[in-house]
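Residue-level listing of the chains:
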Amino acid sequence: MPDKKYTINEVLSLFEETPPKEVLIHFLTTTDSAEIEAVRIAAEKTLLKYCGDNVYYRGLIEFSNNCALDCGYCGIRKSNTKVQRYTVKEDDIVKAARWCAEVRYGSLVLQSGERHDRQFIEFVERITKRIKQETTSSILPQGLGITLCVGEHSLETYRGFRDAGAHRYLLRIETTNDELFKSIHPNQQNLDSRLKSLEYLKEAGFQVGTGVMIGLPGQTPEMLADDLLFYKKHDFDMFGMGPFIPHKDTPMGNLPVMPEEQRTNLGLMMIALTRLLTKDTNVAATTALQALDPIGREKGLSFGANILMPQLTPTEFRENYLLYENKPCVDEEKEDCLNCLKRRVEMVGRIVAQDQWGDSRHFFARNTLFS
Ligand code: SAM
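Here is a short report on the structure shown in this document. All values derive from a computational prediction rather than experimental measurement. (Residues numbered from 1 in each chain as written. Predicted model: local features only at pLDDT ≥ 70, side-chain atom pairs only at ≥ 80, totals over all residues. Heavy atoms only, no water.)

## Quick look at the site of the ligand
Logical step 1: With respect to spatial proximity, 18 residues lie near the ligand, and among them Tyr73, Ser112, Arg172, Glu174 and Ile245 are the closest.
Logical step 2: Contacts to the ligand include Leu323, whose backbone N or O atom sits 3.5 Å from a nitrogen atom.
Logical step 3: When the ligand sits alone it has 560 Å² of accessible area, and the protein chains cover 93% of it.
Logical step 4: In this structure the site holding the ligand corresponds to the largest pocket. (Near = heavy atom within 4 Å. Polar contact = N/O pair within 3.5 Å; in protein donor to acceptor, adjacent residues only side chain to side chain. Areas by Shrake-Rupley, 256 points an atom, 1.4 Å probe, with all protein chains shown as cover. 1 Å grid on protein atoms, 1.4 Å probe; cavity = no way out; pocket = protein on both sides within 12 Å on 5 of 7 lines; lining within 4 Å. Sits in = over half its atoms within 2 Å of the grid points.)

## Observations concerning helix α6 (residues 155-164)
Logical step 1: The set of residues buried in α6 consists of Leu155, Thr157, Tyr158, Gly160, Phe161 and Ala164.
Logical step 2: Buried residues in α6 make contact with α5 (118-134), β4 (145-149), β5 (168-170) and α8 (191-203). (Buried < 20%, exposed > 50% of the residue type's maximum accessible area, 1.4 Å probe, protein only. Helix = DSSP H or I, 4+ residues; strand = E, 2+ residues; numbered from the N terminus. Contact = heavy atoms within 4.5 Å.)

## Quick word on the packing of helix α4 (residues 90-102) against α5
Packed helix pairs are specified by the crossing angle of their axes together with the interaxial distance, meaning the distance between the axes.
Logical step 1: Between α4 and α5, whose axes approach to 10 Å, the crossing angle comes to 40°. The angle between the axes of α4 and α5 places the two elements in the oblique class. As for the relative orientation of α4 and α5, their crossing is right-handed in sense. Contacts between α4 and α5 involve Glu90, Asp91, Ile93, Val94, Ala97 and Arg98 from the first element and Phe123, Arg126, Ile127, Arg130, Ile131 and Glu134 from the second.
Logical step 2: Per-class residue counts for the contact of α4 with α5 are 6 nonpolar, no polar and 6 charged. (Axes fitted to C-alpha atoms, helices over the stretch in contact; angles between N-to-C directions. Parallel < 35°, antiparallel > 145°, perpendicular 65-115°, else oblique. Left-handed = near helix turned anticlockwise from the far one by under 90°. Nonpolar A, V, L, I, M, F, W, Y, C, P; charged D, E, K, R; others polar.)

## Some thoughts on the environment of Glu332
Logical step 1: With respect to the helices and strands, the residue Glu332 is situated in the loop between α13 (315-318) and α14 (334-347).
Logical step 2: Taking the C-alpha atoms as reference points, Glu332 and Gln311, 21 residues apart in sequence, are found 8.4 Å from one another.

## Some remarks on the nonpolar core
Side chains of a nonpolar character, in soluble globular proteins, are inclined to be buried together.
Logical step 1: Among the nonpolar cores identified, the biggest contains 99 residues, and Phe63 and Leu110 are the most heavily contacted of them.
Logical step 2: Looking at this core element by element, the count peaks at 9 residues for helix α10 (residues 260-278).
Logical step 3: Beyond its immediate chain neighbours, meaning those up to four positions away, Leu110 contacts Ile61, Phe63, Ile93, Ile127, Thr128, Ile131, Ile146, Thr147, Leu148, Cys149 and Val150.
Logical step 4: Core analysis: the second largest hydrophobic core is formed by 10 residues, Leu170, Met238, Ala284 and Ile307 among them. (Core = buried A, V, L, I, M, F, W, Y, C linked by side-chain atoms within 4.5 Å.)

## Re unusual backbone geometry
Logical step 1: Even without being a glycine, Asp235 presents a positive backbone phi close to 60°.
Logical step 2: The residue Asp235 is located in the loop between α9 (221-233) and β8 (238-243) in this model.
Logical step 3: Overall, the relative accessible area of 28% leaves Asp235 in the partly exposed class.

## Side note on the pairing of β4
Logical step 1: Counted residue by residue, β4 has 5 buried out of 5 residues, so it is predominantly covered.
Logical step 2: Across the two faces of β4 the burial is the same, with Gly145, Thr147 and Cys149 and Ile146 and Leu148 all buried.
Logical step 3: Looking at chain direction, strand β3 (residues 107-112) and β4 are connected through 5 bridges and run parallel. Note that in β4 the partner of Val109 across the bridge is Thr147.
Logical step 4: For the crossover from β3 across α5 to β4, the handedness is right-handed.
Logical step 5: Relative to β5, β4 is paired through 2 bridges, and the arrangement is parallel. Residue pairing for β5: Thr147 is matched across the bridge by Arg168.
Logical step 6: In this fold, β4 hands off to α6, which returns the chain to β5; that crossover is right-handed. (Pairing = 2+ DSSP bridges. Right-handed = clockwise from strand over helix to strand, strands pointing away.)

Here it is as structure tokens:
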């Protein structure tokens, strides 16, 4: 279909069922602005129909940059000796969580580098339990909703995290292409074990989120189309994806990448196609989008995203959690984030939900289907 350009209604009808891979590749490569706008509107309509117009916040606490892994793209990789390593004190994490509840965000994400030692696992369990206890109130009868993003672990460890009170988990697959995965990770890391972890997370009862980096060197539209089909096939509840942004102190820091505008647009198209395919899931407008475009997150919302992750990491640590360069909001006080994001949400005609966990409707749909 080389010359075919789709209208809004045609896009919607194409996505009534999972479309063939060629259709996804067509949209991932189109440069026709009217067609891109048709996809955007179709994704927005799908979002409003299946999820409504609420935007849910997850306050992001990057509680430690200690990492046992050496991912080729990541600024906090073990071998980057320029980074000053930190772990935020337990009391300060809980303090940030309490603030998150006070300003009515409803949920938070605890993210860190990946470690597998007992001390780390117990630390995550302990802060999760404390946050639950210390944010429970008449407004939040079960405390803040907690999403963890702390990497690959055993089923037993995931069960422990779940028992501690976390109920959502983000683990990006990064890419579903085996060769590309190998080219961006050291030999010890592999796609199979990441897939296994994603299965364990479901088995442990989490709402499970995944995602890929977009615009990686060597990544093709075919690979991204496979990523989208993988999202659909494995029935995930949540998605967080964003453009790859090189970090100079990593092995991938000097590789050629597509221009920023093109990477942003591809990121937005991936959000729209994810929404059209998966319908009632939660999709984040990630900070990486805003690193490339000052209004990248608003654009993400208007292409079908419904989740934002305001920064709650104590300011003094943020400059040591630079996964990539030009990360936004590094100096921003969290109070400023509050106002800034509200304006951004309202600019695209959506509503900030308060005091709600904002769970993925898909999770409940997939669980009632088999119960
Ligand atoms: N260690 C945990 C894990 O791997 O799931 C959580 C933290 S990890 C730093 C979070 C995500 O940051 C990764 O899954 C990756 O997609 C993203 N990331 C890291 N470096 C990046 C870069 N240079 N550009 C864009 N995203 C990046």
